[in-house]
Amino acid sequence: MNDMTPQEERFYATASITVLYDIFVDTATRLSGKYVALSRKASTEDERRRWWAEVMELRDLERSVDPDDREALIAHIEEWRAEVARLQGR
């Protein structure tokens, strides 16, 4: 959360927990979709399995987060957005 702009910090501090949870789920879905796409274009079976394992790990992590834990939701949103950005162009 250290790389947030003041606007992002303000938004996260004032947004309802329901809105944060929706963003959390949407961000997980985007990242999962990226992993699925990478799995589909993998050049080897090992690579395909590796990306699919990421999908499953993300699914399990998403399910384990308390939907009322504001700090955990924000931390995962930020982490997953960074991962989506890192994987762009792959």
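Residues numbered from 1 in each chain as written. Predicted model: local features only at pLDDT ≥ 70, side-chain atom pairs only at ≥ 80, totals over all residues. Heavy atoms only, no water.

### Looking at the overall build of the protein chain
Consideration 1: For the protein chain, the helix and strand inventory stands at four helices and zero strands.
Consideration 2: Overall size of the protein chain, expressed as C-alpha extent along the three principal axes, is 45 × 25 × 15 Å.
Consideration 3: Across the protein chain, the fraction of contacts at a sequence separation of at least 24, relative to all contacts at a separation of at least 6, is 69%.
Consideration 4: Taken as two groups, the 14 positive and 19 negative side-chain charges of the protein chain have centres that lie 8 Å from each other. (Helix = DSSP H or I, 4+ residues; strand = E, 2+ residues; numbered from the N terminus. Contact = heavy atoms within 4.5 Å. Lys, Arg positive; Asp, Glu negative; His and termini not counted. Charge placed at Lys NZ, Arg CZ, Asp CG, Glu CD.)

### Here's the deal with the environment of L87
Consideration 1: In this structure, L87 sits in helix α4 (residues 70-87).
Consideration 2: Taking the relative accessible area as the measure of exposure, L87 reaches 0% and is therefore buried.
Consideration 3: Spatially, the C-alpha atoms of L87 and F24 are 18 Å apart, while their sequence positions differ by 63 residues.
Consideration 4: Discounting residues that sit within four places of it in the chain, L87 has contacts with L31, K34, Y35, L38 and W51. (Buried < 20%, exposed > 50% of the residue type's maximum accessible area, 1.4 Å probe, protein only.)

### A short note on helix α3 (residues 45-64)
Owing to its 3.6 residues per turn, the α-helix aligns residues three or four sequence positions apart on the same side.
Consideration 1: Between its first and last C-alpha atoms α3 spans 29 Å; for 20 residues at 1.5 Å apiece the expected length is 28 Å, and the two agree.
Consideration 2: For α3, the elements touching its buried residues are α2 (17-40) and α4. (Expected span 1.5 Å × (residues − 1).)

### Observations concerning the packing of aromatic side chains
Consideration 1: One pass over the full model with this rule turns up four aromatic pairs.
Consideration 2: Consider the rings of F24 and W80, whose centres lie 5.0 Å apart with planes at 35 degrees: the pair is tilted. Here the residue F24 occupies a position in helix α2, and W80 occupies one in helix α4, the gap between them amounting to 56 residues. Take F24 and W80: they sit in the same class, and that class is buried.
Consideration 3: Among the aromatic residues, those joined into a cluster by ring pairs are Y21, F24 and W80. (Phe/Tyr/Trp six-rings, centres within 6.5 Å; stacked < 30°, edge-to-face > 60°.)

### Some points on the side chain of E78
Consideration 1: Secondary-structure assignment places E78 in helix α4.
Consideration 2: Lacking a salt bridge, the buried E78 has R81 as its closest oppositely charged neighbour, with an N-O distance of 4.2 Å.
Consideration 3: If we skip the residues at most four places from it in the chain, E78 touches M4 and Y12. (Salt bridge = Lys/Arg side-chain N within 4 Å of Asp/Glu carboxyl O.)

### Observations regarding the nonpolar core
Consideration 1: Membership of the largest hydrophobic core comes to 22 residues, with the highest contact counts inside it found for Y12, L20, F24, L31, Y35, W80 and L87.
Consideration 2: Here the element with the most residues in this core is α2; it accounts for eight residues. (Core = buried A, V, L, I, M, F, W, Y, C linked by side-chain atoms within 4.5 Å.)

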